[in-house]
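Summary of structural features
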Amino acid sequence: MGAGRDHPGVRRVHRQRLFVFRVLMRWSFPSALAFLLFGALVLGALNLAGRIPIHGPTPPQEMKAAFDRIAGKEAVSLGGSVGTAIDFDAMCLSGTPFWNNGQDLFEAEALVDLILSRPDPPRLYFLVISPTSLGHDNGLPSLGGTYRRRFTYRFLHAEGHWGLIGGDWRQAFQAQAMPAKGEQLRNPWHAALLDALQLLPPPDPGVLDDTRSIDPRQAPALAKATMAEWQENAEDVAYFDPQVGERTSAALLRIADRIDARGGRLIVVSPPYIDELVQPMQQAEWSRIDRFDSVLAQLEARGALVINEWDNRGTRYGLRHFRDPKHLNAPGARAFSRQIDTYLARKGIVDRRACS
């Protein structure tokens, strides 16, 4: 991992700024003004293109549709893509999934605040996380998740909540100035074009129904690739924000306190990984499993219920239950959720007699 100006990200930004400076120094004032006006028109067009639901609803619209289903429900689930591990139907709970891919703890905190501010909020809050959640902040460009933060901001702004998420003013501004860019801007328009030309391939039933599973011969390589990606992310985050673990832990504890203050119950769930991923994760210095265990203990002291199964100790699910090293597939989620339901019933948190 580099330091100071030697870090690859810093060198790249420096080269980009130097190139722009050299180009602008060669231009006359009328040329520069014409360029700026043209740029403003292009940005305006891209801003509009990023707001149009050209191929299905936009992510903020999807969040709005899910949010409108929360009031009056018994439960809600939040978190990143590991949120697929909670299947409310399998638990016989009236609940609404409100997770989205890449959702970090700062965004979950803002969404919990929004839910609690509305009438008839749920009683149970399932927050689905993993050890890597403590090193995740979509406000940091190094992770490439800033588009998720912008989408969350746009949804919150539409609901009248204009506060900052984790103190992130940059993405709050860009959520309105440039709501989508790069792949997030291109992909819907590209898909709409393919659809119009009837060139979209038929959906894969295994993907559509989430029944894919892992080939045992590929499991070690998949686990190794996942670890390499996580390590790169952890090193980038450690460079740009060494205190991210303290900030995410604090956000997690605030979530617990706010839910408890409103009479709700926080249930923190860490779903299992495949066995091939567990040992490397335990041995990696950057993973900070000790910090994860510590904050889970603090949550329990605050009255939250913790179900920590990322290392697959009590669940013992095989590869047929996983679609990739860190995500249960739909059959795996059903089995895991039934196990959680049994545990919650034993704790007196849910009434299994209500399950038809």
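Everything below is about the structure printed above this text.
What comes next is a walk through the structure. (Residues numbered from 1 in each chain as written. Predicted model: local features only at pLDDT ≥ 70, side-chain atom pairs only at ≥ 80, totals over all residues. Heavy atoms only, no water.)

**Structural notes on the overall build of the chain**
Put simply, the test is: For helices the rule is a DSSP run of H or I covering at least 4 residues; for strands it is a run of E covering at least 2, with both sets numbered from the N terminus onward. Here the globule rule is a power law, 2.2 Å times the number of residues to the power 0.38, and the radius of gyration is based on C-alpha atoms. Only protein chains enter the accessibility calculation, which uses a 1.4 Å probe; a residue is then buried when its area is under 20% of its type maximum, exposed when over 50%, and partly exposed in between. When checking whether two residues touch, look at their non-hydrogen atoms; a contact exists if any pair is within 4.5 Å.
When you go through the chain residue by residue, the secondary structure sums to 13 helices and 7 strands. Here the C-alpha radius of gyration of the chain, 22 Å, is about what a compact globule of 356 residues would show, namely 21 Å. Seen through its C-alpha atoms, the chain measures out along the principal axes to roughly 75 × 45 × 45 Å. The burial tally for the chain puts 44% of its 356 residues in the buried class. Within the chain, residue pairs in contact and separated by at least 24 positions form 75% of the contacts whose partners lie at least 6 positions apart.

**Notes on the nonpolar core**
To be explicit about the condition: Put simply, a nonpolar core is a bunch of buried Ala, Val, Leu, Ile, Met, Phe, Trp, Tyr and Cys residues held in one set by side-chain atoms that sit within 4.5 Å of each other.
By size, the foremost hydrophobic cluster in this structure holds 76 residues, and its most contacted members are Phe98, Phe126, Leu127, Leu266, Leu299, Ile340 and Leu344. Of all the elements, helix H4 (residues 105-116) adds the most residues to this core, at 9 residues. Once residues lying within four places of it in the same chain are set aside, the contact partners of leucine 299 are Leu252, Leu253, Ala256, Leu266, Val268, Ala304 and Val306. Ranked by size, the runner-up nonpolar core spans 5 residues in total, among them Tyr147, Phe151, Ala180 and Leu185.

**Some words on the pairing of strand E4 (residues 265-270)**
Our working definition: Here a strand pair is declared whenever DSSP counts at least two bridges between the two strands.
Counting buried residues along E4, 5 of its 6 residues qualify, which places the element largely inside the surrounding structure. Sheet topology note: the strand E3 (residues 124-128)/E4 ladder contains 5 bridges and is parallel. The partner of tyrosine 125 across the bridge, within E4, is leucine 266. Relative to strand E5 (residues 305-308), E4 runs parallel, the two sharing 4 bridges. Bridging across to E5, valine 268 finds its partner in valine 306.

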